[in-house]
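Descriptive analysis of the structure
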Amino acid sequence: MNELRLGPILIRNRFLISIYNFVENRLGIKEILDLEVFYKLAPSYLGIFSCFGGITFFMFTLQVVTGILLLVYYIPTTAQAYDSVVHITNNVPFGWLIRGIHHWGANIMIITVFIHMGKIYFHGIYKNPRELNWVTGIVLLTCTLSFSFTGYLLPWTQLSYWATVVGTEIPSAMPVIGDYIKIFLRGGADVSQITLTRFFAVHIMVLPAAVIMFIVLHIIMIRRQGISGPL
Amino acid sequence: MSDEIIKEEVSGKDRRSFLNLSIFISFAVAIGGVLYPIAKYLLPTDSTKGTEGGETFFISTDDVPVGSAKLVRYKNRPTIVVRLKENEVYALSAVCTHLGCIVKWHEDAKELLCPCHAARFDLYGNVLGGPAPKPLPTYKAAVEEDRILIREA
């Protein structure tokens, strides 16, 4: 076999074909790879504002990669968190770059997320039949903002400490349950080591798992329903 | 005419193979540009060790005459070494616990004084006065022959 046809794609590279044959003989993947959903082309009427969902997804993958790299040197204790962040920035080779990408990537991701939501809102794309995808989008927005709030505490600077004090104080204004929510968020009466530990856990485990799950749902729904028509 | 074109393609020196090679090189450079910083970031070097590790550190006794003090970098932090008598040396973090200025040794008063807001410390790091909220971290220091050894307390 000198060429391989998968949907509209024609592969002539012998090395790629031999890898494909190896997997195909054992797992039978042709059925899946031939699914039409993989070869849908973007409609020609899409403009630049249709790209911001994809750009946000790219920013998220960038945050995952740089976040894992930061995790290699970061120490989540009140005594050493700030020192380890300074160490990453000043001593570790290219640490300034990795941390810089994580920091600015987070800021840019918030901007792209809101541009994406604005486009969907002002073009009325959230309407029937796409209400469910709007709901997953709102979950992803909440997760993104929670990422920002929990990530802000991790360097344990004066700014991040007091931002967390103020931020966790806000729900305590609610009657009856407010104080319980505050204590639940802080893990105690004050912002302390326990707060840092839970924010760290939420930032690196809970939110990434939730976001990956909802991104998969979000994209499956787009693929299933197709991109909405022009205005 | 058409025969010649086919011949060129077979020999692999046509425009397409040149463009393919260019694309391959561009991708290799781009991927290398991403992988190189990551590899440098992950590979341990002296600078990645940071403030951890219990390695000992020494300076020559000639650098610190009796009654004087010297500022050194121990574990990548400013550290002050004070030689009170011939065989009596002290090593402390030189970073004031108030706002992070570098403390100075005052021989007359036999104490460490922060020039920024006049926080005063004794040679055990204790706060004697001024705005410092915590004592200075101290290290073990000893004179061995012609060297002053500093290690974690």
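Residues numbered from 1 in each chain as written. Chains lettered and ligands numbered in written order. Predicted model: local features only at pLDDT ≥ 70, side-chain atom pairs only at ≥ 80, totals over all residues. Heavy atoms only, no water.

**Considerations on the state of the cysteines**
All names here are of chain B. The test is simple: The disulfide definition used here is simple: a pair of cysteine sulfur atoms within 2.5 Å. The way it works is that DSSP assigns letters per residue, a run of H or I at least four long becomes a helix, a run of E at least two long becomes a strand, and they are numbered from the N terminus.
Enumeration over the complete set of coordinates arrives at one disulfide over all chains. Disulfide pairing is shown between C101 and C116; the S-S distance is 1.9 Å. For the disulfide bridge between C101 and C116, the dihedral angle about the S-S bond is near -95°, and by the sign convention the bridge is left-handed. Taken as a pair, C101 in the loop between β4 (88-93) and β5 (104-106) and C116 in the loop between β6 (111-113) and β7 (120-121) lie far apart in primary sequence, 15 residues in all.

**Remarks on the pattern of salt bridges**
Two side chains with opposite charge may pair up if their charged atoms get near one another. Residues and elements named next belong to chain A. The condition that has to hold: Think of a salt bridge as a Lys or Arg side-chain nitrogen and an Asp or Glu carboxyl oxygen that are within 4 Å of each other. Between buried and exposed lies partly exposed: a residue is buried under 20% and exposed over 50% of the maximum accessible area for its type, with that area taken using a 1.4 Å probe on protein chains only.
Taken as a whole, this structure holds eight salt bridges over all chains when the rule is applied. Measuring nitrogen to oxygen at the nearest pair gives 3.8 Å for the salt bridge that ties R12 to E3. Residue R12 is classed as exposed on the basis of its relative accessible area, which comes to 59%. The exposure class of E3 is partly exposed, given its relative accessible area of 41%. For K182, the salt bridge identified is with E169, shortest N-O distance 3.4 Å. With a gap of 13 residues between them, K182 in helix α8 (residues 178-186) and E169 in helix α7 (residues 158-169) connect regions that are remote in the sequence. According to the relative accessible area criterion, E169 is partly exposed, its value standing at 34%. Several salt bridges converge on common partners, so that one network encompasses E169, K182 and R186.

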